[in-house]
Amino acid sequence: MESQVKSSVMDAIGNTPVVRLARLFPDVDVVAKLEYMNPGGSIKDRMVRHMLKSLPAGTARVVESSSGNTGAALAMASAVLGLRCDVTVPKSTSTEKMKRIRAYGAEVHPCAPDDGSDPAGGYHAVAERLARDGGAHYLDQYQSILNREAHYLDTGPELWRQVAGEIDVFVCGIGSGGSISGIGRYLKEQKPGLTVIGVEPSNSAYREAVTATPAAGPFASVVEGVGKRLPSRSFDPGVVDDVVQVADDVALDWCRRLAREEGILAGGSSGCVAAGIAALLPRLAGKRIATVFPDSGVYYLSKYF
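Residues numbered from 1 in each chain as written. Predicted model: local features only at pLDDT ≥ 70, side-chain atom pairs only at ≥ 80, totals over all residues. Heavy atoms only, no water.

Caption draft 1: Structural detail: the sheet that holds strand S5 (residues 107-111). The strand order across the open sheet built from four strands is S5-S4-S3-S6, with neighbouring strands paired in parallel fashion. Of all strands in the sheet, those with a lone pairing partner are S5 and strand S6 (137-138), marking the two edges. As paired strands, strand S3 (residues 61-65) and S6 are joined by two bridges and run parallel to one another. Bridge pairing links Val63 to Tyr138 in S6. The strands touched by helix H3 (residues 95-103) within the sheet are strand S4 (84-90) and S5, with S5 carrying the most contacts at an inclination of about 150°. (Pairing = 2+ DSSP bridges. Helix = DSSP H or I, 4+ residues; strand = E, 2+ residues; numbered from the N terminus. Contact = heavy atoms within 4.5 Å. Axes fitted to C-alpha atoms, helices over the stretch in contact; angles between N-to-C directions.)

Caption draft 2: Representation of the pattern of salt bridges in the model. One pass over the full model with this rule turns up 18 salt bridges. Ionic pairing is found between Asp29 and Arg288, a salt bridge with its closest N-O pair at 2.5 Å. One end of the pair, Asp29, is in strand S2 (residues 29-34); the other, Arg288, is in strand S10 (residues 288-293), and 259 residues separate them in sequence. The partner of Glu224 in a salt bridge is Lys97, and the shortest N-O contact between them spans 3.0 Å. (Salt bridge = Lys/Arg side-chain N within 4 Å of Asp/Glu carboxyl O.)

Caption draft 3: Representation of the pairing of S5 within the structure. Here five bridges tie S4 to S5, and the two strands are oriented parallel to one another. Residue pairing in the sheet places Pro90 in a bridge with Cys111 of S5. For the segment spanning S4, H3 and S5, crossover handedness is right-handed. (Right-handed = clockwise from strand over helix to strand, strands pointing away.)

Caption draft 4: Here's a closer look at a nonpolar patch on the surface. On the surface, Val9, Val80 and Leu81 cluster together to form a nonpolar patch covering roughly 220 Å² of accessible area. Mapped onto the secondary structure, Leu81 falls in helix H2 (residues 69-81). Overall, Leu81 belongs to the partly exposed group, its relative accessible area being 47%. (Patch = residues over 30% accessible without salt bridge, like charges linked within 9 Å, V, L, I, M, F, W, Y side chains within 5 Å. Areas by Shrake-Rupley, 256 points an atom, 1.4 Å probe, with all protein chains shown as cover. Buried < 20%, exposed > 50% of the residue type's maximum accessible area, 1.4 Å probe, protein only.)

Caption draft 5: Main features of the sheet that holds S2. The mixed open sheet is built from six strands, whose spatial order is S1-S2-S10-S7-S8-S9. Edge positions in the sheet fall to strand S1 (18-20) and strand S9 (242-246), since each has one partner strand and no second. On average, adjacent strands in this sheet sit at an angle of 25° to one another, irrespective of strand direction. As paired strands, S1 and S2 are joined by three bridges and run antiparallel to one another. Within the sheet, the bridge partner assigned to Val18 lies in S2 and is Lys33. Helix H9 (residues 268-280) contacts S2, strand S7 (169-173), strand S8 (195-201), S9 and S10 of the sheet and is inclined by roughly 125° relative to S8.

Caption draft 6: Fine view of the packing of helix H8 (residues 248-262) against H9. Where H8 meets H9, the closest approach of the two axes is 7 Å, and the angle between their N-to-C directions is 100°. Between H8 and H9, the crossing angle belongs to the class labelled roughly perpendicular. Facing H8, whose interface residues are Val250, Ala251, Leu252, Trp254, Cys255 and Leu258, H9 presents Gly268, Ser270, Gly271, Cys272, Ala274, Ala275 and Ala278. (Parallel < 35°, antiparallel > 145°, perpendicular 65-115°, else oblique.)

Caption draft 7: Representation of the environment of Glu200. Structurally, the position occupied by Glu200 is in strand S8. For Glu200, a relative accessible area of 0% puts it in the buried group. Once the C-alpha coordinates of Glu200 and Asp86 are considered, the two residues, 114 residues apart in sequence, prove to be 28 Å apart. In terms of polar contacts, Glu200 uses its side chain to reach the backbone amide nitrogen of Arg207, at 2.8 Å. At 2.8 Å, the side chain of Glu200 and the side chain of Gln245 are in polar contact. (Polar contact = N/O pair within 3.5 Å; in protein donor to acceptor, adjacent residues only side chain to side chain.)

Caption draft 8: Focus on helix H4 (residues 123-134). With twelve residues, H4 should cover 16 Å at 1.5 Å per step; its first-to-last C-alpha distance of 16 Å lies within 8% of that length. The complete set of buried residues in H4 reads Tyr123, His124, Val126, Ala127 and Ala131. All buried residues of H4 project into a common sector of 165° when viewed along the axis, lining one side. Opposite its buried face, H4 presents the exposed residues Arg132 and Asp133, each directed more than 90 degrees away. (Expected span 1.5 Å × (residues − 1). Arc of directions from axis to C-beta.)

Below is the structure:
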């Protein structure tokens with residue numbers, strides 16, 4: 001009998017389940033990959049594991065800017081690897097996420113949001129300064145191609161195997177852009193006729209990057225983890241066929257419906273994606289739709305539920 005024991009939580013990342021959303025979408029075949037069942041609680045576990053393979057020799061301290069999940073994944077990995085870890089987050093990040101990062105022994109630095117109002121005090125700028133002044137390695141998920149590479153090499157092949165290649169449309173929320181770019185690229189290589197559609201909050205920057213449809217106003221959203229004022233360099237617009245936008249109140253309503261009707265306690269970004277799929281249904285009749293739910297609603301109980 002073969003042992004199933006893992007050498008650490010890092011080896012327990014992946015193989016998350018795919019479930020059919022038959023109660024919310026009874027008339028169309030929609031399946032979702034539950035990435036909150038990774039040991040660190042989100043899809044970002046995969047990306048961090050891949051990025052740390054390129055960690056420079058002798059690194060003792062790592063820094064990342066995050067809306068919370070990448071920070072928690074890096075904090076978890078740092079605990080295993082014996083690294084000092086600093087994470088900068090927007091001040092609007094949920095209390096649960098900040099406590100989660102600290103629980104792993106990392107330092108959390110609440111900062112200004114990335115809205116241009118305080119360039120020097122924004123969470124990206126502060127992370128760059130911490131890394132530069134402290135001699136640390138800055139992962140920088142928003143700029144690194146390792147972000148989408150992780151999902152091309154790992155998440156995409158895993159999803160393809162789990163659905164046995166039976167997928168016509170991949171729908172994915174866009175935050176840093178790595179998940180949709182990496183998974184979408186892999187799936188299109190396996191099935192060239194497959195469609196990739198992104199979902200984001202109102203007035204986020206990715207729809208314009210793909211469709212040239214300008215935003216109707218400034219970007220601001222209470223839904224953590226999706227949407228950006230400016231596109232991330234980790235995003236590959238050439239992979240994505242279309243982007244739909246969802247109002248915050250609609251996204252959060254679908255987030256609550258996931259919990260109450262499917263028993264899936266997912267985060268606001270998953271609600272945003274579910275709402276996007278609902279809006280797309282007239283275009284997707286008769287097709288198999290797959291998506292990923294990046295994290296758990298447990299991290300937003302004080303904000304969304």
